[in-house]
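Architecture and fold: a report
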Amino acid sequence: MKIHIIDLCQSSGDKSCLDNSFDNIQRRLFLRRSAYQKLAKEQGFSYISWNCPHCGSPNHGRPTTKTASVSSSSYENWAVIAFAPLTMTIGIDITPKRPPSEAEGIAEAFFTPGELCQRPTGGWQEGVGFSEIWAAKEALGKAQGIGLAIDHPNSPGGALDTSTHAELLSRFTGKNGLPPHLTCRAAVISR
């Protein structure tokens with residue numbers, strides 16, 4: 001598995017990529033995809049395409065290439081892409097360490113009993129536990145090719161129960177150039 005973390009502002013030489021206007025969101029999508037294509041070529045992988053399995057749109061969906069398993073994620077001007085052999089499926093996610101204000105409600109709706117047991121005494125706003133679980137769930141869902149809404153969170157051991165699938169997950173916080181305010185989790189499943 002190869003993981004690449006990209007600062008889109010630095011790779012493009014354009015500091016305006018931090019602007020959150022609608023036009024710039026589209027520009028960041030273009031910058032991400034361009035950086036991913038460049039890395040794929042440098043690493044010897046074939047062209048990456050995107051295709052939504054539900055609507056067929058090339059504007060979103062899982063990235064695919066004929067020569068590797070691929071997964072990507074982004075937050076603000078940071079992007080990450082992971083490549084693994086075709087004998088595996090990979091999922092990766094980056095997210096801010098600081099939990100969103102809605103963390104309590106999100107946890108109640110999506111976390112399994114084993115994950116809910118990890119709640120800090122001061123609530124999900126305390127520490128990075130919420131963000132670590134959320135990034136792991138996203139990575140696990142991507143590796144399994146399912147969305148977060150498909151799994152039934154009240155079922156211990158469900159497809160996205162990070163407390164029972166921990167052996168599939170790796171943490172990349174503070175490694176490989178990831179800024180300290182972000183956490184990254186990856187999941188790899190043998191086919």
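The paragraphs below set out a description of the structure included in this document. Computed from a predicted model, the values in this text were never measured in an experiment. (Residues numbered from 1 in each chain as written. Predicted model: local features only at pLDDT ≥ 70, side-chain atom pairs only at ≥ 80, totals over all residues. Heavy atoms only, no water.)

1. What to know about the pairing of strand 5 (residues 78-84)
In plain terms, the rule: Three exposure classes are used, based on accessible area relative to the maximum for each residue type with a 1.4 Å probe and protein chains only: buried under 20%, partly exposed in between, and exposed over 50%. Where helices and strands are cited, they refer to DSSP runs of H or I of at least four residues and of E of at least two residues respectively, numbered from the N terminus. Whether two strands pair depends on DSSP finding at least two bridges between them.
The buried count for strand 5 comes to 7 of 7 residues, which makes it a mostly enclosed element. Burial along strand 5 is two-sided: W78, V80, A82 and A84 facing one way and A79, I81 and F83 facing the other are all buried. Pairing analysis gives 6 bridges linking strand 1 (residues 2-7) to strand 5, with the strands arranged antiparallel. Considered in strand 5, the bridge of H4 is made with I81. Relative to strand 5, strand 4 (residues 69-75) runs antiparallel, the two being bridged by 7 bridges. Bridging across to strand 5, S73 finds its partner in V80. Connecting strand 4 to the antiparallel partner strand 5 that follows it, the hairpin turn spans 2 residues, and E76 within it adopts a positive phi of roughly 50°.

2. Section: the pattern of salt bridges
Defined as follows: Definition used for salt bridges: Asp or Glu carboxyl oxygen within 4 Å of a side-chain nitrogen of Lys or Arg.
Enumeration according to the criterion identifies 5 salt bridges in this entry. Note that K137 and E115 form a salt bridge whose closest N and O atoms lie 2.8 Å from each other. Taken together, the positions of K137 in helix 5 (residues 129-144) and E115 in helix 4 (residues 113-116) put the pair 22 residues apart, joining distant regions of the chain. Taken as a pair, K137 and E115 share a single burial class, namely buried.

3. As for the packing of helix 3 (residues 103-110) against helix 5
What counts, and what does not: Orientation is described by axes fitted as lines to C-alpha atoms, over the contacting stretch for helices, and by angles from 0 to 180 degrees between their N-to-C directions. Put simply, angles under 35 degrees are roughly parallel, angles over 145 are roughly antiparallel, angles from 65 to 115 are roughly perpendicular, and the rest are oblique. For a crossing to be left-handed, the near helix must be turned anticlockwise from the far one by less than a right angle; the clockwise case is right-handed. Any two residues whose heavy atoms approach within 4.5 Å at even a single point are treated as in contact.
At a minimum axis distance of 11 Å, the contact between helix 3 and helix 5 shows a crossing angle of 45°. Regarding the angle of helix 3 to helix 5, the classification is oblique. Here helix 3 runs over helix 5; the crossing is left-handed. Every residue of helix 5 that contacts helix 3 at A103, I106, A107 and F110 is listed here: F130, W134 and K137.

4. Observations concerning unusual backbone geometry
The backbone of E76 shows a phi angle near 50°, a positive value even though the residue is not glycine. With respect to the element layout, E76 can be found in the loop between strand 4 and strand 5.

5. Remarks on the sheet that holds strand 6 (residues 88-96)
Read across the sheet, 3 strands follow the order 6-8-7 without closing on themselves; strand pairing throughout is antiparallel. The open sheet terminates on both sides in strands that have one partner only, identified here as strand 6 and strand 7 (169-171). Each neighbouring strand pair of the sheet contributes to a mean axis angle of 20°, computed without reference to strand direction. As judged from the 9 bridges shared by strand 6 and strand 8 (residues 182-190), these two strands associate in the antiparallel manner. Following the sheet pairing, T89 is matched in strand 8 by I189. The strands that helix 5 touches are strand 6, strand 7 and strand 8; relative to strand 6, the one it contacts most, it runs at about 150°.

6. Things to note about helix 5
Selection rule: An expected span of 1.5 Å times one less than the residue number is assigned to each helix.
Under the 1.5 Å per step criterion, the end-to-end length of helix 5 is 22 Å for 16 residues, consistent within 8% with the ideal 22 Å. Within the sequence span of helix 5, burial applies to F130, S131, E132, I133, W134, A135, A136, K137, A139, L140, G141 and A143. Those residues of helix 5 that are buried lie in contact with strand 3 (62-64), strand 6, helix 3, helix 4, strand 7 and strand 8. One or two positions beyond helix 5, positive phi appears at G145, with a value near 75°.

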